[in-house]
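Breakdown of the fold
So the chains spell out like this:
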Amino acid sequence: MNRTLKMILIGPLQMDEEVLRPETSLEDAGLDSLAIAELDLLLAELGVALGEDRLAAATTVGALDQLVDEHLTGR
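Residues numbered from 1 in each chain as written. Predicted model: local features only at pLDDT ≥ 70, side-chain atom pairs only at ≥ 80, totals over all residues. Heavy atoms only, no water.

With respect to the nonpolar core
Grouped together as the largest cluster of nonpolar side chains are 22 residues, with contacts concentrated most on Leu9, Leu13, Leu31, Leu39, Leu43, Leu55 and Leu64. Among the elements of the structure, α1 (3-10), α2 (26-29), α3 (33-45) and α5 (61-73) are those that each provide at least two residues to this core. Broken down by element, this core gets its largest block of residues, five residues, from α3. When sequence neighbours within four positions are dropped, the list of residues in contact with Leu9 reads Met1, Gln14, Met15, Leu20, Leu31 and Leu39. (Core = buried A, V, L, I, M, F, W, Y, C linked by side-chain atoms within 4.5 Å. Buried < 20%, exposed > 50% of the residue type's maximum accessible area, 1.4 Å probe, protein only. Helix = DSSP H or I, 4+ residues; strand = E, 2+ residues; numbered from the N terminus. Contact = heavy atoms within 4.5 Å.)

Examining the packing of α1 against α3
With their axes 11 Å apart at the nearest point, α1 and α3 run at an angle of 135° to one another. With respect to each other, α1 and α3 are oriented oblique. Relative to α3, α1 is oriented so that their crossing is right-handed. The residues of α3 that touch α1, namely those facing Leu5, Ile8 and Leu9, are Leu39, Leu42 and Leu43. Across the contact of α1 with α3, the residue classes break down as six nonpolar, no polar and no charged. (Axes fitted to C-alpha atoms, helices over the stretch in contact; angles between N-to-C directions. Parallel < 35°, antiparallel > 145°, perpendicular 65-115°, else oblique. Left-handed = near helix turned anticlockwise from the far one by under 90°. Nonpolar A, V, L, I, M, F, W, Y, C, P; charged D, E, K, R; others polar.)

Re α3
Taking 1.5 Å of rise per residue, 13 residues should cover 18 Å, and α3 covers 19 Å from first to last C-alpha, within 8% of that figure. Considered for burial, the residues of α3 that qualify are Ala35, Ile36, Ala37, Leu39, Asp40, Leu42 and Leu43. The inward-facing, buried residues of α3 abut α1, α2, α4 (52-57) and α5. With its phi angle positive at about 85°, Gly47 sits one or two positions after the end of α3. (Expected span 1.5 Å × (residues − 1).)

As structure tokens, this is what we get:
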């Protein structure tokens, strides 16, 4: 998992690292719409401007990780 994303999820968003498996749905991981909005703000502070809609469209932790990673690597 991307280190930046992982630090945000287990740090400010206080998510349990055990649920951060690629196949876990965002809902099962505890990422509701409020958490997605906060994640969007925290990522934007680090220069990763994706938008809430794109983040919420990632249905699993793995898809979210891929989205952030692709943005950071410029793919």
